[in-house]
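Fold and contact review
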Amino acid sequence: MRIQFDPINLYAGMVGESHGLTPAELRIARPEALAALRDFQAAARQDVYGFPHLPFQKSTATSILDYAEEVRGTYDTVCLVGIGGSALGAWALDCALRGPHPVQGRFSKKFPRLVILDNVDPTFILDALQSMDPRKTLVCVAAKSGATAETVSAFLIVRDWLENELGAKKARKRIVAVTSEHRGDLKEMADSEGYTTFYLPENVGGRFSVLSAIGMAPAALIGLDIKKVLAGAAEMTGLCWKKDLKVNHALNAALHHYLILTRRGKSVQVAFPYSNRLWGTAFWFRQLWAESLGKALDKDGKQVNAGQTPVAALGTTDQHSQVQLYMEGPNDKVFTFWGVDKFENAGGIPKVKTGRAAFDYLGGQTLAKLLNAERKATAAALTAQQRPNCAFTLDRVDEVHVGAFLQLMEFETAFMGQLLNIDAFNQEGVELGKKFTFGLMGRRGYEEFSQQYKAYEQKRSKIVVR
Ligand code: PA5
């Protein structure tokens, strides 16, 4: 497994002192990084945080694989009902290892496809149902809390759709639930209806759960080799506990991103994969970085409103959409390129001699070479404009590297949380909106929020716009 981190274009020597870091700043802050590592490791050892242990939990993987083996060949579609951390990890894996929708053609005859219902747009849900055959669909409902309104409502519709076709008894055999072992209404329902159920540990937060049953169950059900994914993540975990910043890319990247955010005010991070297969991972990362680091208070209760806004951009596609802004707009961003060294097929461009300058130099070269040339060229251009940027490079996009990269990103986020002195593992900020929704939808116990919402509407109605 080979993943590299290149921070050179974050340095003042490349982008100037106003935007880049000095070696002295790095040297002075290094003890903070080592303290972050030490503190996080101590907490993980005491099981406060569970994600570092997931690659080593062999029994969960084994029971998922046994079940996948048992049901193999009985379905052509896995319908995943989940949202946030209960959907994005599965999408990242599916996109990386089966290909981005809708170009999964090469795999479509051999393996089941994955349909992810992660929204409650009625048109989307109804279109999705029409695209699936209930007799050939296995439903996987995933929710750590077992109570997320979007997941519960979509699941009730999907369950009904299955039951109408198969009858209640058979439908229950086609539903897999992934949730918390000791709490929640989904767990209760799964038990009473007899669904096959897998659990994720309580100390693993939703956005850190891709390597738990939340990500591994749908991945195994579409035929991915989850043992290899976990092996890559296990190897990366070993590196993430090292003190040597040259090998611990997660800690090194966290330190650089921490300094570029807090010392140079780069409040936006653009995750810039040059690989369509890593596009799902970029969206998974967006949630991880945003929800983990966007916090009002630090661990001492001081108001800090911490965070860095993650943006996903796709190379080269977004060079023709976003790069004008990135080059000439506000210099408030740091760019993290995600490159891939080796593609399964480099994509040879036919050798032609047409006598046309725009065509002939490309003939005989490869798409992989062009893609990587454009990534390097964009990095150089941003650097010339004093826009700090760095790069992760994966040797290839396969199970081992994707597992390793997901784990690297989770460690980086955890270390960043330590450096910022915030709790990267809660998400209080999403609760108020959820409570208003419960109030608006008439959930018992949320009458107070329904009242608060009415007051808000009244306040709105008094605003006069001339
Ligand atoms: O990171 C988190 O905890 C959240 O984003 C959750 O993943 C998301 O809200 C979905 O929660 P649940 O799995 O309980 O449906």
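Keep in mind the model is a prediction, meaning the values are calculated, not measured. (Residues numbered from 1 in each chain as written. Predicted model: local features only at pLDDT ≥ 70, side-chain atom pairs only at ≥ 80, totals over all residues. Heavy atoms only, no water.)

1. A look at the site of the ligand
Keep this limit in mind: We call a residue near a molecule or strand when any one of its heavy atoms sits within 4 Å of it. Each polar contact in these results corresponds to two N or O atoms within 3.5 Å; when the atoms are within protein, one needs to be able to donate a hydrogen and the other to accept it, and residues that are neighboring in sequence are counted only if both atoms are side-chain atoms. Per-residue and other accessible areas were derived by the Shrake-Rupley procedure at a 1.4 Å probe size, with only the shown protein chains allowed to occlude residues. Buried and open spaces are told apart on a 1 Å grid over the protein atoms alone, a cavity being a set of points where a 1.4 Å probe fits but cannot get out and a pocket being an open set with protein on both sides within 12 Å along at least five of seven lines. Residues with an atom within 4 Å of a point are the lining residues. Any molecule with more than half of its atoms within 2 Å of a cavity's or pocket's grid points is regarded as sitting in that cavity or pocket.
If you check the shell around the ligand, you find 13 residues, and the closest are Ser86, Ser145, Thr148, Gln287 and Glu291. Within the backbone of Lys144, a nitrogen or oxygen atom sits 2.8 Å from an oxygen atom of the ligand. Gln287 is positioned with one of its side-chain polar atoms (N or O) 2.6 Å from an oxygen atom of the ligand. Isolated, the ligand exposes 390 Å² of accessible area, and the fraction of that covered by the protein chains is 87%. A molecule is said to occupy a pocket when more than half its atoms come within 2 Å of that pocket's grid points, and by this definition the ligand occupies the largest pocket.

2. Side note on the sheet that holds strand β4 (residues 137-142)
Here is the rule we go by: By definition, two strands form a pair when at least two bridges between them are found by DSSP. Labels follow the DSSP assignment, with helices taken as runs of H or I lasting at least four residues and strands as runs of E lasting at least two, numbered in each case from the N terminus. Between the N-to-C directions of two axes lies an angle of 0 to 180 degrees, each axis being a line fitted to C-alpha atoms and, for a helix, fitted only over the stretch in contact. Only heavy atoms matter for contacts: two residues are in contact if any of them lie within 4.5 Å across the pair.
The strand order β3-β2-β4-β5-β6 describes an open sheet built from 5 strands, whose pairing is parallel. Edge positions in the sheet fall to β3 (113-117) and β6 (196-200), since each of these pairs with one other strand and no more. In this sheet, neighbouring strand axes are inclined to one another by 20 degrees on average, regardless of whether the strands run parallel or antiparallel. The strands that helix α7 (residues 149-166) touches are β2 (77-81), β3, β4 and β5 (175-180); relative to β4, the one it contacts most, it runs at about 155 degrees.

3. What to know about unusual backbone geometry
The condition that has to hold: Burial status follows relative accessibility: with a 1.4 Å probe on protein chains alone, a residue under 20% of its type maximum counts as buried, one over 50% as exposed, and anything between as partly exposed.
Looking along the chain, the bond that leaves Gly315 and enters Thr316 is cis, with omega of 0 degrees. Structurally, Thr316 can be placed in the loop between β10 (309-312) and α14 (323-328). Positive phi, normally seen in glycine, also occurs at Asn305, with a value near 45 degrees. Mapped onto the elements, Asn305 comes out in strand β9 (residues 303-306). Of note in this structure, Gln386 is not a glycine but carries a positive phi near 60 degrees. Examined against the element boundaries, Gln386 turns out to sit in the loop between α16 (367-384) and β12 (389-396). Overall, the relative accessible area of 37% leaves Gln386 in the partly exposed class.

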